[in-house]
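Examining the three-dimensional arrangement
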Amino acid sequence: MLLSFSSEFRPAGLLLLALTLAACGGSGNDHDDVGGGDGGPGGEVPDGTTLLIDTDNAAAVLVHARLALEILPRLQRNANILVSQGLNGTPTCDNPDGVFQLTEDDQGAPAEAVFEDCVDPLYPSRAFDGRIVFDFTDPNRPYSAFSDYRNRINSSSSFSQEWSLSGGFSIRPEDAGNAFGNAVIADANVISNYTLSTDHGSVMVGYRFQDFEVLFDSTISNLSQPLPTLAGGGRLFLFNDAAEGWVRVSTPHRLTDPLPGNGFCYGNGELVVDGAASSRVQLDYSGADLMISVNGVTVISGECEALLESLMAQAGLAI
């Protein structure tokens, strides 16, 4: 089964993949400085990569690296919805046996949130468990520490998703001249797992973030919309049946102009993943088309949406 984009949690499902620049002749934008660095085209392969990228695992590496870019901003936003409702005195669990406890500091800011099977009243298919401790010592870089945190989505009796998170990261508000809006900065020990379950079985994908930053435009009106602008990268450990090891992720050209209908396809952007022994996979977007190259050789090109099912299957997300 192809991972569905049809539920109201499409952001997490649509977290699946979004990537980058025009395949032929460049993207035509002037944001080469965003999310680039030593992992960008022409740069040296960074130290500490262990996963050798080849044509057998390239699709899995790209899909899961793309997914990693949205995990932290999306989970932070989902948790913030319930926390903000709690601060406003709004009932926060749709089920009577659900628990949501919110502790505030002397200034009225959230200090700790505890969830126990708390069903989201806005999206009853979604439930929360775990604990988040907030630190507003630096108001320009608030910190959230997640413990045993899970965000479960039951789209139907035969289809469910679960995101788990442990570790902490910061949210940096928009800086002067920042075209994005927010930035997520992950510590060295942020670990997240994604589990997809259907009647036919389940699959889990794991991630460890190290010195990872995500730049994103959070000006979206609802959770079902893709982020209009996205970039970032850093060191990432991938753990799944199709690819396992350390890679370096970068977006030399930011992802822009998401195409309607799914969360995979963008109109412009470039995603680069560097692996061991100078191996590399790159995804370029140009309008409705994409191009994937492995170690400088084009292996896939064509209409983005038409290639989705094959890419998901190669990434191990078709069950």
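So, here is what we can say about the structure in this document. (Residues numbered from 1 in each chain as written. Predicted model: local features only at pLDDT ≥ 70, side-chain atom pairs only at ≥ 80, totals over all residues. Heavy atoms only, no water.)

Thoughts on the packing of aromatic side chains
- Under the counting rule described, the total for this entry stands at twelve aromatic pairs.
- Ring centres 5.0 Å apart and planes at 75 degrees place the aromatic pair Phe 146 and Tyr 149 in the edge-to-face group.
- Look at Tyr 149 and you get buried, because its relative accessible area is 1%.
- Note on Tyr 207 and Phe 209: the rings are 6.4 Å apart at their centroids and 25 degrees apart in plane angle, and the pair reads as stacked.
- Residue classification places Tyr 207 among the buried positions, given a relative accessible area of 2%.
- Judged by its relative accessible area of 0%, Phe 209 is buried.
- By way of ring pairs, the aromatic residues Phe 100, Phe 115, Phe 128, Phe 146, Tyr 149 and Phe 169 are connected into one cluster.
- The ring of Trp 246 carries the charged tip of Arg 235 above its face, separated from the ring centre by 3.9 Å. (Phe/Tyr/Trp six-rings, centres within 6.5 Å; stacked < 30°, edge-to-face > 60°. Buried < 20%, exposed > 50% of the residue type's maximum accessible area, 1.4 Å probe, protein only. Lys NZ or Arg CZ within 6 Å of the ring centre and 35° of its normal.)

Observations regarding unusual backbone geometry
- With a phi close to 45 degrees, Asp 117 is a non-glycine residue in the positive phi region.
- With respect to the helices and strands, the residue Asp 117 is situated in strand S2 (residues 110–119).
- According to the relative accessible area criterion, Asp 117 is partly exposed, its value standing at 30%. (Helix = DSSP H or I, 4+ residues; strand = E, 2+ residues; numbered from the N terminus.)

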